[in-house]
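Reading the structure
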Amino acid sequence: MDKSFLISEINRLKQEKNAVILAHYYQKKEIQDIADFVGDSLELSKKAANTDAAIIVFAGVYFMAETAKILNPNKKVLLPDREAGCSLADGCSPQNFKKLKELFPKHVVVTYINSSAEIKAMSDWVCTSSNAKKIIEAIPKDQEIIFAPDKNLGMYLKKETNRDLLLWDGSCIVHEAFSLDKLIEIYNTNPNAKIVAHPESERHILETAHYIGSTSGMLNFIKNDSATTFIVATEAGILHQLSKDAPQKIIIPAPSHEDNTCACSECAFMKVNTLEKLYLCLKNESPEISINEELRIEAIKPINRMLNLS
């Protein structure tokens, strides 16, 4: 379909149906441009919790739309493509996680937001990369903690908080794709550049970084720092927002192991959403996210605990 037609129709349907479009920074640039709000997981969670729209179209991955539905049981929540999954969420099965909890019944469970409703329902706290450190530090120091599902974020938090966290063995395929050798090669060519990285990245990447933080944290650091050149180790979708927010800065995507056309790392799950799917989703009000009410009530408790602290 013609792009201008799609944009016109999406805007018309949005007004007609009292819908809001929330998009993650990792979405394609044309989706970011048409969204009412673009943000990271924490920002989008807050926006979903506070919106007065009748319909929430979540341009992201499944767990994000599911979280929006948990927070908004009486609103219609749509996802452009139901197959937009997440390697982290998919790699933490409720059955196996339940077994881990049973082995360590006295541990408090802190779960990264990149997880299913079932995992959230088994948790005491939900966190994002923006507030994970704050949440860990809010838990008494003598209290043992299970952290899931991202082991790289967990190892980063162990170092930052000096806490002995019991980690679930999960990771993000996007943030584990960066090549240290290629990164060092680029840095040697650009010695005045600053390396910024997401804490889901592997330890050897984080050890090279001048700044480690959430997607929003990275954006703010780059905008406000005096350096002119930055090497960015996160999903490539952030580059579009940076081109708008900090056009005077030189942004170099951190290279991945794979030899691909952009030399950077992209989330195939995030990129299954398209402008056409967004239009059809809004037009047909499908695929719609639904969640069992009993599960929703349990899953919202640790999310609200996070939002109240944040």
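Since we're looking at a predicted model, the values are computed, not measured.

**Thoughts on the pairing of strand β11 (residues 229–233)**
Counting buried residues in β11 gives 5 out of 5 residues, a clear majority hidden from the surface. Residues Thr229, Ile231 and Ala233 line one face of β11 and the alternating positions Phe230 and Val232 line the opposite face, and both faces are buried. The sheet contact formed by strand β9 (residues 194–197) and β11 spans 4 bridges and is parallel. Opposite Lys194, over in β11, you have Phe230 as the bridge partner. As paired elements, β11 and strand β12 (residues 250–253) share 4 bridges and run parallel to each other. Each bridged residue has a counterpart across the sheet, and for Phe230 the counterpart in β12 is Ile251. Handedness of the crossover is the feature at issue here: the chain leaves β11, passes through helix α13 (residues 238–245), returns alongside β12, and the resulting connection is right-handed.

**Quick look at the sheet that holds strand β10 (residues 211–212)**
Ordered in space as β10-β9-β11-β12, the 4 strands form an open sheet in which the pairing is parallel. Of all strands in the sheet, those with a lone pairing partner are β10 and β12, marking the two edges.

**Description of the packing of aromatic side chains**
Within this structure, the stated rule accounts for 4 aromatic pairs. For the pair Phe5 and Tyr279, a centre-to-centre distance of 5.8 Å together with 70 degrees between the ring planes defines the contact as edge-to-face. Here Phe5, found in helix α1 (residues 3–16), pairs with Tyr279, found in helix α14 (residues 275–284); they are 274 residues apart in sequence, far enough to count as distant. Arranged with centres 4.6 Å apart and planes meeting at 10 degrees, the rings of Tyr211 and Phe221 form a pair that is stacked. With Tyr211 in strand β10 and Phe221 in helix α12 (residues 215–224), this residue pair connects regions lying 10 residues apart in the sequence. The structure contains a cluster of three or more aromatic residues connected by ring pairs, namely Tyr211, Phe221 and Phe230.

**What about the UniProt feature "binding site: [4Fe-4S] cluster" (unreviewed entry) in the protein?**
Mapped onto this structure's residue numbering, the UniProt feature "binding site: [4Fe-4S] cluster" (unreviewed entry) falls at Cys86, Cys172 and Cys267. Residue position: Cys86 is located in the loop between β4 (76–78) and α5 (87–90).

**Regarding empty space enclosed by the protein**
This model, assessed by the stated rule, comprises 2 cavities of 30 Å³ or more. For the second largest cavity, the calculated volume is near 70 Å³. Every residue along the wall of the second largest cavity is listed here: Ser41, Leu44, Ser45, Ala48, Phe58, Phe63, Met64, Thr67, Ala68 and Ile113. Those elements giving two or more residues to the lining of the second largest cavity turn out to be α3 (41–50) and α4 (62–71). For the lining of the second largest cavity, the residue count by class is 7 nonpolar, 3 polar and no charged.

Analysis parameters
- Residues numbered from 1 in each chain as written.
- Predicted model: local features only at pLDDT ≥ 70, side-chain atom pairs only at ≥ 80, totals over all residues.
- Heavy atoms only, no water.
- Buried < 20%, exposed > 50% of the residue type's maximum accessible area, 1.4 Å probe, protein only.
- Helix = DSSP H or I, 4+ residues; strand = E, 2+ residues; numbered from the N terminus.
- Pairing = 2+ DSSP bridges.
- Right-handed = clockwise from strand over helix to strand, strands pointing away.
- Phe/Tyr/Trp six-rings, centres within 6.5 Å; stacked < 30°, edge-to-face > 60°.
- UniProt positions renumbered as here; feature names shortened; annotations may be inferred.
- 1 Å grid on protein atoms, 1.4 Å probe; cavity = no way out; pocket = protein on both sides within 12 Å on 5 of 7 lines; lining within 4 Å.
- Points joined across faces, edges and corners; volume = space filled by probe spheres on them.
- Nonpolar A, V, L, I, M, F, W, Y, C, P; charged D, E, K, R; others polar.

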